[in-house]
Amino acid sequence: MPFLGQDWRSPGQSWVKTEEGWKKTTADDKNNNVSSKQHYEQYFNKENLLLSFSYDMAAKKRKKDLMNNNTKVPYFHREKWIYVHKGSTKERHGYCTLGEAFNRLDFCSAIKDTRRFNYVVRLLELIAKSQLPSLSGVAQKNYMNILERVVQKVLDDQQNVRPIKELLQTLYVSLCGLVQDMGKSVLVGNINIWVHRMENILQWQQQLDNIQINRPTNTGMTLTDLPVSLQLNIMHRLSDGRDLVSLGQVCPELGTLTEDRLLWKKLCQYHFTDRQIRKRLMVSDKGHLEWKKMYFKLSRCYPHREQYSDTLHFCTHCHILFWKDINHPCTANNPESCTMSLSPQDFINLFKF
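Along each chain, the written sequence defines residue order, and numbers are assigned to residues from 1. Totals for whole chains, interfaces and linings use every residue, but because this is a predicted model, local features are given only for residues with pLDDT of at least 70 and side-chain atom pairs only at 80 or more, for both listing and counting. In computing side-chain properties, one takes all heavy atoms of the structure into account and sets aside hydrogens as well as water.

## Quick look at the overall build of the protein chain
Counting its regular elements, the protein chain contains 15 helices and 6 strands. In the protein chain, which comprises 353 residues, the share counted as buried stands at 33%. For the protein chain, long-range pairs separated by at least 24 residues make up 61% of all intrachain contacts whose partners lie at least 6 apart in sequence. Here the open area of atoms and residues is found with the Shrake-Rupley method and a 1.4 Å probe, where only the protein chains shown may cover a residue. Carbon and sulfur atoms provide 52% of the accessible area of the protein chain, an area that totals close to 23,300 Å². Numbering of helices and strands runs from the N terminus; a helix is a DSSP stretch of H or I covering at least four residues, while a strand is a stretch of E covering at least two. Burial classification: accessible surface area is computed with a 1.4 Å probe over protein chains only, and a residue below 20% of its type maximum counts as buried, one above 50% as exposed, and the rest as partly exposed. Should any heavy atoms of two residues lie within 4.5 Å, those residues are considered in contact.

## Re the packing of aromatic side chains
Any two rings among Phe, Tyr and Trp, with Trp reduced to its six-membered ring, count as a pair given centres within 6.5 Å; such a pair is stacked if its planes are under 30 degrees apart, edge-to-face if over 60, and tilted if neither. By the definition in use, this model includes 11 aromatic pairs. Geometrically, the ring pair formed by F102 and Y143 is tilted, given 6.0 Å between the ring centres and 35° between the ring planes. Placement of the pair is F102 in helix 3 (residues 98-104) and Y143 in helix 6 (residues 137-157), with a sequence separation of 41 residues. The residues F102 and Y143 share a single accessibility class, namely buried. Site record: aromatic cluster; members linked through ring pairs are F102, F107, Y119, Y143, Y308, W323, F347 and F351. To sit over a ring, a charge needs its Lys NZ or Arg CZ within 6 Å of the ring centre and within 35 degrees of the ring normal. Looking at R197, its charged tip hangs above the ring of W194, at a distance of 4.4 Å from the centre.

## A closer look at the side chain of D106
Within the secondary structure, D106 sits in the loop between helix 3 and helix 4 (107-110). D106 gets classed as buried once you look at its relative accessible area, which sits at 15%. In the analysis that follows, any N or O atom pair within 3.5 Å is treated as a polar contact, provided that within protein one partner can donate a hydrogen and the other can accept it, and provided that, for residues neighboring in sequence, both atoms belong to side chains. Within the structure, the side chain of D106 is placed 3.0 Å from the side chain of S109, a separation counted as a polar contact.

## Quick look at the sheet that holds strand 5 (residues 320-323)
Note: two strands are recorded as paired if DSSP finds a minimum of 2 bridges between them. Read across the open sheet, the 4 strands follow the order 3-5-4-6; overall the sheet is antiparallel. The sheet is open, and its two edges are formed by strand 3 (81-83) and strand 6 (339-342), each paired on a single side. On average, adjacent strands in this sheet sit at an angle of 25° to one another, irrespective of strand direction. To define axes, lines are fitted to C-alpha atoms, for helices over the stretch in contact only, and angles between the resulting N-to-C directions are given on a 0 to 180 degree scale.

## Notes on the pattern of salt bridges
By definition here, a salt bridge exists when the distance from a side-chain nitrogen of Lys or Arg to a carboxyl oxygen of Asp or Glu is within 4 Å. In this structure the tally under the stated criterion is 14 salt bridges. Among the salt bridges present, the one from R115 reaches D113, with a minimum N-O distance of 2.9 Å. The shortest N-O distance in the salt bridge between D310 and R116 comes to 2.7 Å. Here the residue D310 occupies a position in the loop between helix 14 (291-301) and strand 4 (312-315), and R116 occupies one in helix 5 (residues 114-131), the gap between them amounting to 194 residues. You'll find D310 and R116 in the same group, each marked buried. Linked through salt bridges whose partners overlap, the residues forming this network are R162, E166, D240, R242 and D243.

## What about the packing of helix 5 against helix 6?
Orientation of helix 5 relative to helix 6, taken along the N-to-C sense of each, is 135°, at an axis distance of 12 Å. On the basis of their axis angle, the class for helix 5 and helix 6 is oblique. Pair helix 5 / helix 6 crosses with left-handed handedness. The residues of helix 6 that touch helix 5, namely those facing F117, V121, L124, I127 and A128, are Y143, I146, V150, K153 and V154. In this count, Pro and Cys sit with the nonpolar residues alongside Ala, Val, Leu, Ile, Met, Phe, Trp and Tyr, while Asp, Glu, Lys and Arg are called charged and the others, Gly among them, polar. In terms of residue class, the contact of helix 5 with helix 6 is built from 9 nonpolar, no polar and 1 charged. Roughly parallel means an angle under 35 degrees; roughly antiparallel, over 145; roughly perpendicular, 65 to 115; everything else is oblique. If you view the pair so one helix is near and one far, a crossing is left-handed when the near helix is turned anticlockwise from the far one by less than a right angle, and right-handed when it is turned clockwise.

Shown next as structure tokens:
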């Protein structure tokens, strides 16, 4: 039978809402509420202290990761040639990967050589487009260290600014997509390190944008002082139409020479085949071929012809990868017949099994 009285509580008791629910309290318990409240506040403050301590530890760990990536002195291999083995044998176990070849070959000295600089830059660009996830963690770190040296060389020499800008832009776009897939193990290492590397790329781009070409202090002979025939001969040795456009913006005299139709005709015939040129013919109102417009139209449709002063070579007899001017211990009777020059794309295709 339910209690029907007006006050169903015992004398001196009351119901108080606590953290654990409603509880009966007496007058003596009320005196202890203050002490229990203080205990709860102390416990709450202790929880906040532990959370803040763990947050500080995480922040210190991120800082330590960045410091380890930046302060450790990078080690660059300086091997003149390497043996490229694609399978296991009784004498040798395992195979050579793109990352291993990239680590062991002497690319650090190659970027200092004018003949090999463009070759290495093109190789870095191809790796940035599609091969960066296939590199090991050491190779990825070595890639960024070599890239840093390339950028520093361009900043010091004030040459080859445009290809390095294109390389950094390609790498940044690739990393933006790869960092989003960090959970899929496409990049090796802490994501904070890669975010820091992307910030370095943006900083390098800013430095290249702010670069100012210093004019020579001497007042000797300049390009415009040469005869017109020599000026045209120099222009015929430029393989990039954008360089011709930049040269024509120096002064009106050079701008007139860079509009020479024969100059752009030879440039089109150098980079593109006759079949490609016939598909993109452009005729002016006077019935002349617009070679300059055709060049830039062809450039958007077809890749340019690549030519380098010095490239990596591969001996099909010994399976050895080496630079052109460095001899390797070949056992063939005629070493020249079994040696092939490798373009940057051929170098990457060599390690596709």
